[in-house]
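Read off the chains here:
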Amino acid sequence: MAFENMNRKRHLGLQQLSSLASVGKTFLGPIKSSKFIVDERTYGSVLICSAVRLLESLDSNSTVGQLLNDAIQAQNKEYKTGTTTLLFLVSAWSSAVLECLEQGVPLSAIVTLMSEGLSSCIEQVQCLTISIQDVKQKLDDIPMKYNNKALIDICFGTTGRQVIEPKTSGITYKDSVEIHVSKKELNDPIIQQWESSQCPWIFAEGSTVCSQAKPEDDICVQKVCRSHLDVSNCNKRSKFIHSRYFSSAKEIHSQQLTDYLDGSAKHMNELNHLEQVAMSLSHGKGSEMKLVQDVLRFWLQNDYQTADSHHFQFNISEIVTCCLPGMSESYSCVCPGYVMLLCPEKAAVAKQLQDRPLHIVLVDGDLTDTYRHLGFNRSQNVRMVLESGNNQANSSSLWADAVLDILNQYHIDLMLVQGNTCESLEEKCLLHNILTINQVTHAVLQTFSNITGAEIVTYLAQVNEHCVGKDVCLNFWGTGESSWMEVDSRVPIVITAKGIHLVTVVLSSPVLSKMQAIEDNFWTCAYRVHHALLDNAVFPGSGVVELLCLSYLEKLGKEVKSSTKEFHVGSSWIAKSLEQYKPLVLNALVRGWHQYLCTIMCNTANSTSEFEASIFIQQNLREAAMHSSPSSYLMGEFRKEKIGKAIFEHERTSEKSLKVYDNVMAKIEAWRRALDLVLLVLQTDAEIITGPKRDQLLKSQASSELVFL
């Protein structure tokens, strides 16, 4: 057995890996440069701003390219973030390992020492984790103003028709509370007297108030500027009552409103804090993160109105996206319910269903006569004999008629299908005003199952009264300005139900090539918030964690004395070799993170050049080395906002400097995957030779390039 000598620069895999991964350098940081990928055959182009889409668009048939793509896809599938960090470190560490090989470092020493070095760094940076509760920004630094169409309320009328009203931005949400009283109570003299005596400014002229009507519950939502609100004044009593039986109706209403305002203040504080967490994780994607903030606002408001006392959870499975290419970006918004695009034929049926409550069926498979669920085993003793080609067509037609009879029996109006539906059944359903929606995710099916009580079925033959959901509402999607629009000859509709937690983030752009990038950016923002709440902790961002790694590795390298003694075969050979090569290998890790930091600082507008960024890094490393605890020094500098900040565009007219935070597990896993890939390619490049050709190799000219074990 022999492997190729590492000193001969024959590591083509590492060279390919370094070259291929280096193309994603411009994607790192909030101020990134996008790339256009052009198809030479069709001359079509697409805008690329992420490592995932870049590798998907490149034709790489090499083994190294496939390994790199697999690593990126695995990171993206689990975290939806950290892929650019992974790609950059793969390139930097591949180049650093090649330099180690040129200096004569054995392969085994590189693998062992780099793995141990990374594991030690991961242990060191755990002290930098910050609890979610401690994430704070200056309120003036957080852009809290929402777009006029950022969040759309869909309310149910008495006929099932939805009233779609955009939230107005006359006031910022952080400075307001919502008081929910019915119209009957608004006419109540007790309420009117309370309004005029306790809080006369609520309906005074010139005050910032916006109201919205909800027809079904006959509720009027009064949004009131919180800066004027003094709960203690609303709680004043003219006399002390020792028994509840002597309380007047006026005092009971006053106490109820006081309790509501107290709860609203707590609700506002939680929302305000989550908004700060979200914006701190935006990394330059401000417009997409504002949509995530709107999702948080809707869910918190929904939980509060339903008196849901459980701990708030950011359930990523209850978010779906709907892209409207060609539309203005002002149409991007968050809409409760499920929004999708329909062809004109189905839109005509939807028009017949929009003004009444609907019956719904949920199917988690294909609606075809040949579909069988996963794991289905056919009978071994039965053989199908086909006598003529017409029998199959007749069988499909008979099956479609039987399915249609079941749908008519239970008065089904709408079917959500996870898979596909055969054309013959769809045509018959359209003739009977039954709408079929295909390619619906299982998460959406489960949400409608939870809210309507309908059981999900695999075959329509399983449908009974327990599998039919009721009181589902369908309407054409609009933004308050119009209730009908067409997008590329398709019509958007929205399906909702009372109390639904599912939201659809509608994304639009007049530039078709940007559509995919906008959707990717939104999901990246959503998953950053999701994992931050899941980990209940974040890292300080903008290179603070990497600075601690550099400081620790430099200190570790200085403690190891380089050995110049020759190696002798013996029991201590491995230990001696590791000690001798440890500074060189650790320096390889340092070079990779140093390049990463320089690029981050340039792409966050903190430095104008890599040279300036390198000087700043060295200054902080010297300061950290002078302190007994480098981590304490770095955290102190982060709290003083001397490091860990980035400049973001705000309202497209000004710039804001905000503290930056990173996800904990996503960053650590990106490091691990990057190093694992580099070491895998490194060891694969070593050609393993076995068999009877040993003598031939010894006599060949390539014998000097082989070391036999």
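Conventions and cut-offs
Counting of residues starts from 1 at the beginning of each chain's written sequence and follows it residue by residue. Totals for whole chains, interfaces and linings use every residue, but because this is a predicted model, local features are given only for residues with pLDDT of at least 70 and side-chain atom pairs only at 80 or more, for both listing and counting. To get the side-chain values, all heavy atoms of the structure are used, and hydrogens and water are removed first. The pairing criterion for strands is at least two bridges between them, as found by DSSP. In DSSP terms, a helix is any run of H or I states spanning at least four residues, a strand is any run of E spanning at least two, and both are numbered starting from the N terminus. Axis definition: a line fitted to C-alpha atoms, over the contacting stretch in the case of helices. Angles run 0 to 180 degrees between N-to-C directions. Any two residues whose heavy atoms approach within 4.5 Å at even a single point are treated as in contact. Counting rule for disulfides: a pair of cysteine sulfur atoms within 2.5 Å. Pairing of aromatic rings covers Phe, Tyr and Trp, the last through its six-membered ring, and needs centres within 6.5 Å; plane angles under 30 degrees mean stacked, over 60 mean edge-to-face, and all others mean tilted. Classification of residues uses two cut-offs on accessible area relative to the type maximum, computed with a 1.4 Å probe and protein chains only: under 20% is buried, over 50% is exposed, and between them is partly exposed. One less than the number of residues in a helix, times 1.5 Å, gives the span that helix is expected to have.

**Q** Pulling in residues and values, what's your account of the sheet that holds strand S18 (residues 503-509)?
**A** Sheet architecture is open: three strands sit in the order S10-S18-S11, paired in mixed fashion. Each having just a single partner strand, strand S10 (319-325) and strand S11 (333-336) make up the two edges of the open sheet. Shown here is a sheet whose adjacent strand axes are inclined to one another by a mean of 30°, direction ignored. The sheet contact formed by S10 and S18 spans seven bridges and is parallel. Bridge pairing in S18 places Ile319 opposite Val503. Across the face of the sheet, helix H15 (residues 515-535) comes into contact with S10 and S18 while running at roughly 160° to S10.

**Q** Give a description of the state of the cysteines that names residues and reports values.
**A** Simply put, disulfide is the name for a covalent bond between the sulfur atoms of two cysteines. Enumeration over the complete set of coordinates arrives at zero disulfides. There is no disulfide at Cys127, and the cysteine sulfur nearest it, in Cys549, is 9.9 Å away.

**Q** Describe the packing of aromatic side chains, with residues and values.
**A** Evaluation of the coordinates by the stated rule reveals seven aromatic pairs. When the ring of Phe88 is compared with that of Tyr596, the centres are 5.9 Å apart and the planes differ by 70°; the resulting orientation is edge-to-face. In this pair, Phe88 sits in helix H4 (residues 83-102) while Tyr596 sits in helix H17 (residues 573-603), placing the two residues 508 residues apart along the sequence. As far as the burial class goes, Phe88 and Tyr596 line up, both buried. Ring plane angle 80° and centroid distance 5.4 Å describe the contact between Trp93 and Trp593, whose orientation is recorded as edge-to-face. Of this pair, Trp93 sits in helix H4 while Trp593 sits in helix H17, and the two are 500 residues apart along the sequence. With a relative accessible area of 0%, Trp93 lands in the buried category. With a relative accessible area of 0%, Trp593 lands in the buried category. Taken together, the aromatic side chains of Trp93, Trp593 and Trp671 make up a single cluster linked through ring pairs.

**Q** Can you break down H15 residue by residue, with the values?
**A** Across its 21 residues, H15 extends 30 Å between first and last C-alpha, which sits within 8% of the 30 Å expected from 1.5 Å per residue. With respect to burial, H15 is a largely interior element, 17 of its 21 residues being buried. Downstream of H15 by a residue or two, Asn536 has a phi angle that is positive, lying close to 60°.

**Q** An account of the environment of Ser397 is needed here, citing residue identities and associated values.
**A** Along the chain, Ser397 turns up in helix H12 (residues 390-409). The exposure class of Ser397 is partly exposed, given its relative accessible area of 31%. Taking C-alpha positions, Ser397 is 9.2 Å from Asp369, a pair spaced 28 residues apart along the chain.

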